[in-house]
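Notes for the structure review
Chain by chain, the residues run as shown.
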Amino acid sequence: QELALKSLGNEGLFLFSSLDTNKDLYLSPEEFKPIAEKLTGVAAVSESDEEEPPDPAGETLSIVAKFQPLLMETMTKSKDGFLGISHVALSGLRNWTAPAAPMSVLLARQFKAFLPPKDNLELGDPWWIIPSELNIFTGYLSNNRFYPPPPKGKEVIIHKLLSMFHPRPFVRTRFAPQGAVACLQASSSFYYTIAFRIHAEFQLNEPPNFPFWFSPGQFTGYIVLSKDSSHVRDFRLFVPNNRSLNVDMEWLYGASESSSMEVDIGYLPQMELECTGPSVPSVIHDENGNVLDSRDPSGEPIQFVFEDITWQQEIPWQEAAHRLEVAMYPFKKVSYLPFTEAFERAQAEKKLVHSILLWGALDDHQAPVPLPVPGSGRTLRETVLESSPILALLNESFISSWSLVKELEELQNNRENEFYSKLAKLHLEKYNFPVEMIICLPNGTVIHHINANYFLDITSMKPEDVESSIFSFSTNFEDPSTATYLQFLKEGLHRAKPYLQP
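What you see is a predicted model, and the numbers here were worked out from it, not measured in a lab. Every chain is numbered on its own, with residues counted from 1 as its sequence reads. Whole-chain, interface and lining totals are the exception, using all residues; otherwise, since this is a predicted model, local features are given only for residues with pLDDT of at least 70 and side-chain atom pairs are given and counted only at 80 or more. Excluding hydrogens and water, the side-chain figures rest on all heavy atoms present in the structure.

Examining the overall build of the chain
A run of DSSP states H or I qualifies as a helix once it reaches four residues; a run of E qualifies as a strand once it reaches two. Both are numbered from the N-terminal end. In terms of helices and strands, the chain carries 12 helices and 22 strands. Only protein chains enter the area calculation, which uses a 1.4 Å probe; residues under 20% of their type maximum are buried, those over 50% are exposed, and those in between are partly exposed. The proportion of buried residues among the 502 residues of the chain is 51%. Throughout, a residue-residue contact means that at least one pair of heavy atoms, one from each residue, lies within 4.5 Å. Across the chain, contacts joining residues at least 24 apart in sequence account for 71% of those joining residues at least 6 apart. Only the protein chains shown count as cover for residues, and the accessible areas themselves come from Shrake-Rupley with a 1.4 Å probe. With an accessible surface of roughly 23900 Å², the chain has 53% of that area assigned to carbon and sulfur atoms.

Focus: helix 5 (residues 317-328)
A helix's residues, less one, multiplied by 1.5 Å, set its expected span. Here helix 5 spans 17 Å end to end across 12 residues, near enough to the 16 Å set by a 1.5 Å rise per residue. Those residues of helix 5 lying buried are Ala320, Leu324, Glu325, Val326 and Met328. Residues of helix 5 that are buried make contact with strand 3 (127-130), strand 5 (179-187) and strand 6 (191-199).

Observations regarding unusual backbone geometry
Across the junction of alanine 176 and proline 177, the peptide omega takes the value -5°, indicating a cis bond. In this structure, the amide linkage connecting phenylalanine 433 to the following residue, proline 434, adopts the cis form with an omega of 0°. Along the polypeptide, proline 434 turns up in the loop between helix 10 (418-430) and strand 21 (435-440). The backbone phi angle of leucine 25 is positive, close to 65°, even though this residue is not glycine. Examined against the element boundaries, leucine 25 turns out to sit in the loop between helix 1 (2-19) and helix 2 (29-40).

Things to note about the packing of helix 9 (residues 405-413) against helix 10
Lines fitted to C-alpha atoms define the axes, with helix axes restricted to the stretch in contact, and inter-axis angles between N-to-C directions lie between 0 and 180 degrees. Following both chains from N to C, one finds helix 9 and helix 10 inclined at 135°, their axes separated by 8 Å at the closest point. With respect to helix 10, the element helix 9 is oriented oblique. Here the hand of the crossing between helix 9 and helix 10 comes out left-handed. Residues Val405, Leu408, Glu409, Leu411 and Gln412 of helix 9 pack against Tyr420, Ser421, Ala424, Lys425, His427 and Leu428 of helix 10. An angle below 35 degrees is treated as roughly parallel, one above 145 as roughly antiparallel, one from 65 to 115 as roughly perpendicular, and anything else as oblique. Throughout, a crossing is termed right-handed when the near helix is turned clockwise from the far one, and left-handed when it is turned anticlockwise from it by less than a right angle.

Some remarks on the sheet that holds strand 19 (residues 352-358)
Taking strand neighbours across the sheet as the criterion, the five strands line up as 18-20-19-21-22 in an open arrangement whose pairing is mixed. Here the strands that pair on one side only, and so sit at the sheet edges, are strand 18 (336-337) and strand 22 (446-451). Across the sheet, helix 6 (residues 339-349) touches strand 18, strand 19, strand 20 (398-404) and strand 21, and the angle it forms with strand 20 is around 165°. This element, helix 10, spans strand 19, strand 21 and strand 22 of the sheet and lies at about 130° to strand 21. Each pair of strands is called paired provided DSSP finds at least two bridges between the two strands.

Notes on the pattern of salt bridges
Any Lys or Arg side-chain nitrogen located within 4 Å of an Asp or Glu carboxyl oxygen qualifies as a salt bridge. In total, this model carries 21 salt bridges according to the counting rule given. Between glutamate 250 and arginine 174 there is a salt bridge, with the nearest N and O atoms lying 2.7 Å from each other. Of this pair, glutamate 250 sits in strand 11 (residues 247-252) while arginine 174 is found in the loop between strand 4 (169-170) and strand 5, placing the two residues 76 residues apart along the sequence. Two residues, arginine 345 and glutamate 349, come together in a salt bridge whose shortest N-O distance is 4.0 Å.

Focus: the sheet that holds strand 12 (residues 261-266)
Across the sheet, five strands lie side by side as 4-7-8-11-12; this open sheet has antiparallel pairing. Strands at the two margins of the open sheet, each flanked by one partner only, are strand 4 and strand 12. Bridging between strand 8 (residues 212-216) and strand 11 involves five bridges; their strand directions are antiparallel. Bridging across to strand 11, phenylalanine 212 finds its partner in tryptophan 251.

Looking at the side chain of serine 188
As for its placement among the helices and strands, serine 188 is situated in the loop between strand 5 and strand 6. Accessibility expressed as a relative area gives 4% for serine 188, which makes it buried. With residues near it in sequence (within four places) discarded, serine 188 still touches Lys227, Ile309, Thr310, Trp311 and Gln312.

Side note on the environment of histidine 166
Looking at the secondary structure, you find histidine 166 in the loop between helix 4 (155-162) and strand 4. Residue classification places histidine 166 among the buried positions, given a relative accessible area of 5%. Along the primary structure histidine 166 and alanine 98 are separated by 68 residues, whereas in three dimensions their C-alpha atoms are 8.8 Å apart. Any N or O atom pair separated by 3.5 Å or less is treated as a polar contact, with the protein-specific requirement of one donor-capable and one acceptor-capable atom, and with residues adjacent in sequence counted only for side-chain atom pairs. A distance of 3.1 Å separates a polar atom in the side chain of histidine 166 from the backbone nitrogen of arginine 168.

What to know about the pairing of strand 9 (residues 219-226)
The buried count for strand 9 comes to seven of eight residues, which makes it a mostly enclosed element. With eight bridges joining them, strand 6 and strand 9 adopt antiparallel strand pairing. For tyrosine 192, the partnering residue across the bridge sits in strand 9 and is leucine 225. In this sheet, strand 10 (residues 232-238) lies alongside strand 9 in antiparallel orientation, the contact comprising six bridges. Residue pairing across strands places valine 224 opposite aspartate 234, the latter belonging to strand 10. Adjacent in sequence and paired antiparallel, strand 9 and strand 10 are bridged by five residues, among which serine 229 carries a positive phi angle near 60°.

Set out below in structure tokens:
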């Protein structure tokens, strides 16, 4: 390592390390491949692309990419005019103004990867197209990378699709939950409608700049596909844009894994792939097997007529999307309602509101806070919020919600509904960066709250060192985080008793 540093210098070693995936200080041909492709301009065909030889008579699907770049003014750093951030750091982001490939033609058979693993799956039962290999115990993958590893197996089609937006998509994200999950939304004799959710990210910078990671909260969509994958009737993939922030960005400021990292969030108006119509045969035959011209005598393309699909079973899109969300995030076995709806439901059911207020999204694939900060939404959702005792108590006694600080600030300033404005104000008064867990009455009165950083601090201490009886440890659970969060919820219920008496 010292010799390499002496030979290459800090930045040279940084680039070398980003290519040296197995950290043996030697570059294999496979590891050197991204640089070879960059220098020669020729991309080698990977073995995975050749797994199934294309059928020359198979159908093709035309897909268009629609992209509106991130609104720079939605980034937190825009409020101080990006003070202290070099123009070079954001160059990959600023220069990404259009899709890498506005249109692409793919073989229908390539979408076979979306088919369920067996025929007798119930509607809504999820399966993994690309399984997640990370969890809270495995940690996360290196930030110090520029070029994606070659996609394999079912990753290939996902990589091809995402490459229409940008040339460097990472099909496997650095953080859990990784991968792609799908479920059946509808079924007929010959077709499936398959809903899917993909967690992927892009590397926007190249050497000599330092890495800049662009991580949309999620890609979701659906495909209407024949059961033998020979025909695609419809396809759509998109980043949801219904919340005020939907992308996480992280960039390094130095030539090592331990270099300081800047984090921000922002809003992407549109990132979408859509087919122009059903897949069509690349070669047309008549009833005698003779090849026909694909254009009619007047020179116009032949128009195909497709039979209507009669669905025998179907579930709503919202239900399919929720099933995929729970597969990615087990903590969503508890329903997290929109902020104002949660208080209306709590009023009707005479329950307390369990609310999580944070800087970035709780249920999107984002790093809601700078990585060194332990109190992140990611830590919460991967530990206490998905533990069985917490799920049981939340379902029984609380109405749950999570909100972005930005959204509550807007709600507080909206004077059209004074009650909602007051609810937001009461929440924001208790908020401390990065995440605040809050228990309140249906009228918005906060009766208990705890900051995530403080929560993680006390759960990492020895039981005898915890002074406050409010957060004392229970002997019923081995995990101090679960025991402490359970105590937090029970204390909220105890404090609320006088207010919730019938």
